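Breakdown of the fold
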Amino acid sequence: MGQWDFAGDELIFFLTATVTAVFGAYFWYGALVRRTPLRRTAWIRTVLGVAPVVALSGLGIVLTRWADPLYVVGNLDYQLLFLSGGTAWLWVVAAVSPLLGVSVTDDAIERSNPAAACVACGSILGVMAIYAWSNVGSGPTIGTTLLPALACTVTWLLLWFALELMSRPSEAIAVDRDLPSGIRHAGMLIAMGLILGRAVAGDWTSWHGTFTDLLQLGWPAVFLPIGSAVIHPFLRPSTVRPQPSIAGAGVVPAVLFLVLSVGYVVSLGVPDIGRHVVTYEEY
């Protein structure tokens, strides 16, 4: 069950992450409860309330089965540490998302924008895919889990930002309230998270190996925002087609992004778990 004997940096991270997680949950769910019910639909409140629970449930499964077999699996203290970190991770990304053109509070909740709600859920699941994959395999310190997760998350955000510069999907999502654009964008965010997270999954052996894997295995993620930018002008609302098909312009491209990413991840095989254990003393 664990000894609850965190080192100094581990205790600081645990306390900081826990405080962030609690305050983040308060503001997230508080916004869902406090906003005027007439100005939002029930399904938007539902998906925004359920998405973090689903994401963290997936993380919990990873921590109990495929995380570090020496320090995490079977040790409640480190499972709670990384679970708190994952919760804080979600809220930080949610706080950053307005800089990329989509605000959960303003667009999804206040304005009852279904397209923005889809993007919010996609960002939650996408970034949690990164964080969960980063917890797969052994590592001698929490840094060997958190720093790869941070590098992948920053890369994921930069790719999202690059897409915004290339085709401005936030206009169709936040201004035009185009649900197909929101679905398509959400699928791309999840697909990028799957690829980037898998790139750093598995036993930690060295920092050189970690970042080499990120480059060599994660580079296909670049094609997702490029592909999204190419098809966006043809699928977004226009004077000729003011209401694009939800299936054709939203669901089909999103599923295609996900199928391609899952296919790539499967082709990489199962990451090493417990085969190359580096202890804290060896580190």
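The preceding data block contains the structure.
I will try to describe carefully the structure that is included in this document. (Residues numbered from 1 in each chain as written. Predicted model: local features only at pLDDT ≥ 70, side-chain atom pairs only at ≥ 80, totals over all residues. Heavy atoms only, no water.)

**Looking at the packing of helix α8 (residues 179-199) against helix α9 (residues 207-218)**
Contact pair α8 / α9: the axes reach a minimum separation of 7 Å and the direction vectors enclose 140°. Considered as vectors, α8 and α9 are oriented oblique to each other. The two elements α8 and α9 cross, and the hand of that crossing is right-handed. On the side of α8, the interface is formed by I195, L196, R198 and A199, while α9 contributes D213, L214, L217 and G218. When grouped by side-chain class, the residues that make up the contact of α8 with α9 number five nonpolar, one polar and two charged. (Axes fitted to C-alpha atoms, helices over the stretch in contact; angles between N-to-C directions. Helix = DSSP H or I, 4+ residues; strand = E, 2+ residues; numbered from the N terminus. Parallel < 35°, antiparallel > 145°, perpendicular 65-115°, else oblique. Left-handed = near helix turned anticlockwise from the far one by under 90°. Contact = heavy atoms within 4.5 Å. Nonpolar A, V, L, I, M, F, W, Y, C, P; charged D, E, K, R; others polar.)

**Remarks on the pattern of salt bridges**
For the coordinates displayed, the defined rule picks out five salt bridges. We note a salt bridge from D107 to R111, for which the minimum N-O separation is 2.9 Å. Judged by relative accessible area, R111 falls into the partly exposed class, the value being 46%. Note that D176 and R236 form a salt bridge whose closest N and O atoms lie 3.0 Å from each other. Taken together, the positions of D176 in the loop between α7 (169-175) and α8 and R236 in the loop between α10 (223-235) and α11 (246-267) put the pair 60 residues apart, joining distant regions of the chain. Of the residues examined, D176 reaches a relative accessible area of 38% and is grouped as partly exposed. Beyond isolated ion pairs, a larger network of salt bridges with shared partners links E164, R168 and E171. (Salt bridge = Lys/Arg side-chain N within 4 Å of Asp/Glu carboxyl O. Buried < 20%, exposed > 50% of the residue type's maximum accessible area, 1.4 Å probe, protein only.)

**Describing unusual backbone geometry**
Unlike most non-glycine residues, R168 shows phi in positive territory, near 50°. One can find R168 in the loop between α6 (143-167) and α7. Residue classification places R168 among the partly exposed positions, given a relative accessible area of 41%. Of note in the backbone geometry, R177 takes a positive phi value of approximately 55° without being a glycine.

**What to know about helix α2 (residues 42-65)**
Look at α2: 35 Å from first C-alpha to last across 24 residues, which is about the 34 Å you get at 1.5 Å a residue. Looking only at α2, the buried set comprises I44, L48, G49, A51, P52, A55, L56, L59, V62 and L63. Those residues of α2 that are buried are in contact with α1 (8-34), α3 (76-96), α4 (104-110) and α5 (114-134). (Expected span 1.5 Å × (residues − 1).)

**Some points on the nonpolar core**
Of all hydrophobic cores here, the largest spans 70 residues; its most connected members are L48, F82 and W156. At 12 residues, α5 tops the list of elements feeding residues into this core. Look past the residues within four positions of W156 in its chain and what remains in contact with it is V93, S123, G126, V127, I130, L189, M192, G193 and L196. (Core = buried A, V, L, I, M, F, W, Y, C linked by side-chain atoms within 4.5 Å.)

**Some remarks on α1**
Here α1 contains 27 residues, and its C-alpha end-to-end distance of 38 Å stays within 8% of the 39 Å for a straight helix at 1.5 Å per residue. For α1, the complete set of buried residues consists of E10, F13, F14, A17, A21, G24, W28, G30, A31 and L32. If you follow the buried residues of α1, they end up packed against α2, α3, α4, α5 and α6.

**Quick look at the side chain of R198**
Checked against the element boundaries, R198 lands in helix α8. It turns out R198 is buried and unbridged, and the closest side chain with the opposite charge, D213, is 7.0 Å from it. (Lys, Arg positive; Asp, Glu negative; His and termini not counted.)

**Examining the packing of α8 against α11**
Where α8 meets α11, the closest approach of the two axes is 7 Å, and the angle between their N-to-C directions is 5°. Between α8 and α11, the crossing angle belongs to the class labelled roughly parallel. Facing L179, P180, I183, R184, G187, M188, I190, A191, L194, I195 and R198 of α8, the residues of α11 in contact are I246, A249, G250, V251, P253, A254, F257, L258, S261, V262, Y264 and V265. Here the residues of the contact of α8 with α11 sort into 18 nonpolar, three polar and two charged.

**Remarks on the environment of L90**
Examined against the element boundaries, L90 turns out to sit in helix α3. Along the backbone, L90 and G137 are 47 residues apart, and their C-alpha atoms lie at a distance of 21 Å. With near-sequence residues (within four places) excluded, L90 lies in contact with P52, A55, L56, I124, V127 and M128.

**With respect to empty space enclosed by the protein**
Under the defined criterion, the tally for this structure stands at one cavity of 30 Å³ or more. There is about 50 Å³ of room inside the largest cavity. Lining the largest cavity, in full, are L163, S167, P169, I173, S181, R184, H185, S228 and H232. At the level of secondary structure, the elements contributing two or more residues to the lining of the largest cavity comprise α6, α7, α8 and α10. Examining the composition of the lining of the largest cavity, we find that three residues originate from one element, α8, more than from any other. Here the residues of the lining of the largest cavity are counted per class, giving three nonpolar, five polar and one charged. (1 Å grid on protein atoms, 1.4 Å probe; cavity = no way out; pocket = protein on both sides within 12 Å on 5 of 7 lines; lining within 4 Å. Points joined across faces, edges and corners; volume = space filled by probe spheres on them.)

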